[in-house]
Amino acid sequence: MKKSTVFIIALVLLGVAFLVGSVMYIADKESKAGQQLSDAKTAALGRMYAPMIGKLEAPVVIVEFLDPACGTCAAFYPLVKEIMDANPGRIRLVIRYAPFHKGADKVVAALEATRKQGKYWKALEALLASQEAWAPNHTAQVDLIWKQWEGLGLDLDKVRADMQSPEIAKAIAQDIEDARTLEVKATPEYFVNGRGMPNFGETPLRRLIADALRETAPR
Amino acid sequence: MNPTDPISSADTDQRAWTLIFLAWLVAAASTLGALFLGEVMHVPACVLCWYQRIGMFPLAIILGVGLFPLDRRVVRYALPLAAIGWLVAAFHQLLIAGVIPESIRPCTQGVPCTDKVIEWFGFITIPLLSIAAFSTIIVLLLLAAIRKNP
């Protein structure tokens, strides 16, 4: 056989293997996305300690894995809020952390500490709105967040003391482990009533929430 | 070994072609494998992974170019890339194995290099696959560079 024939056959075989592998992998992932999660993953999804907003008996539960330093998380936050406002009492939002950005774990600890003062959601929204100021070049700097929280009525000295607590460190470590179990590789990642997004984007998220709202609609 | 030998034996050329072809095959498969992990599975690539890719991706190109027509000097250009890739892969593997302490870990931003994204059979990690691929390429290229004495 000619050398060029051998080479071209090898090249084509490699290319075909890559394409077939890709198509199979994507098809497998999409078929799994629509299914309910396994028991281990369901356990990883629902932790009692996680901050939540919305009625406890709300039929639709959105679990969001976020990193306060993540730009897409800040962009998607108003969208989720808007959908929640449009469906009062029907959606509960649970926040979990996947602090992928450098320094973000410290910011998350400070954010968790604001819960003791009942200012969590205001503090979170202030962070998301002022991301550029405290996370320049995708590096979260905890020293820069205090300024963003002025005027919220927070006792910042208490936050600085509380954020050292071992319970908070434990909760963050658990979130990171759960993110791994749930194969969260990028933020934000949403699970709506235990279902993940087949692919990332505003439309898939809207559709996922709309489906869950329809399925649980009172008759 | 005498590179200016005017008598080029068809046998040694055939042998060199096959060895470089095999090295190209390993490089091309590794390149596609890395692209599969990154672009299809969306596994984030850490800094050390990128340095290994910088060694591997060009190998898939230049080894292929060196085959048509056969240019044995391609070994000279390919070996440094393979050697650098091998060193980075070895460093990465030591980091994952915990032999190199965390304090000199170069990856603090983005994806930590100590994350084991894949662990097949309990010991096969991505950097281990990388070491295997670079080692195979280096051995094949060295064999191709040596002219067999009759």
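Residues numbered from 1 in each chain as written. Chains lettered and ligands numbered in written order. Predicted model: local features only at pLDDT ≥ 70, side-chain atom pairs only at ≥ 80, totals over all residues.

A. Local environment of the confidence of the model for chain B. Residues and elements named next belong to chain B. Counting all residues, the mean pLDDT for chain B is 82, and 77% of those residues have values of 70 or more. Every residue in residues 103-110 is under pLDDT 50, and counting partners more than four places away or in other chains gives 13 contacts. Our summary of model confidence lists the complex with pTM equal to 0.59 and ipTM equal to 0.72. (pLDDT = per-residue confidence, 0-100. Contact = placed C-beta atoms within 7 Å.)

B. Quick peek at the interface of chain B and chain A. Tallying the contact residues gives 15 residues for chain B and 13 residues for chain A. Tallied by class, the residues present in the side of chain B that touches chain A amount to 12 nonpolar, three polar and no charged. (Nonpolar A, V, L, I, M, F, W, Y, C, P; charged D, E, K, R; others polar.)

C. Local environment of the sheet that holds strand β1 (residues 52-53) of chain A. Residue and element names in this part refer to chain A. Spatially, the five strands line up as an open sheet ordered β1-β3-β2-β4-β5, and their pairing is mixed. Strands with a single pairing partner mark the edges of an open sheet, and in this sheet they are β1 and β5 (195-196). Bridge analysis of strand β2 (residues 60-66) against strand β4 (residues 189-192) gives four bridges, and the strand direction is antiparallel. By the bridge assignment for β4, F65 is matched with E189. Across the sheet, helix α3 (residues 71-86) is in contact with β2 and β3 (91-97); its angle to β3 comes to roughly 160°. (Pairing = 2+ DSSP bridges. Helix = DSSP H or I, 4+ residues; strand = E, 2+ residues; numbered from the N terminus. Axes fitted to C-alpha atoms, helices over the stretch in contact; angles between N-to-C directions.)

D. How the structure looks around the environment of I53 of chain A. Tracing the chain through its elements places I53 of chain A in strand β1. Aside from chain neighbours lying at most four places away, what touches I53 of chain A is L93 and W121 of chain A.

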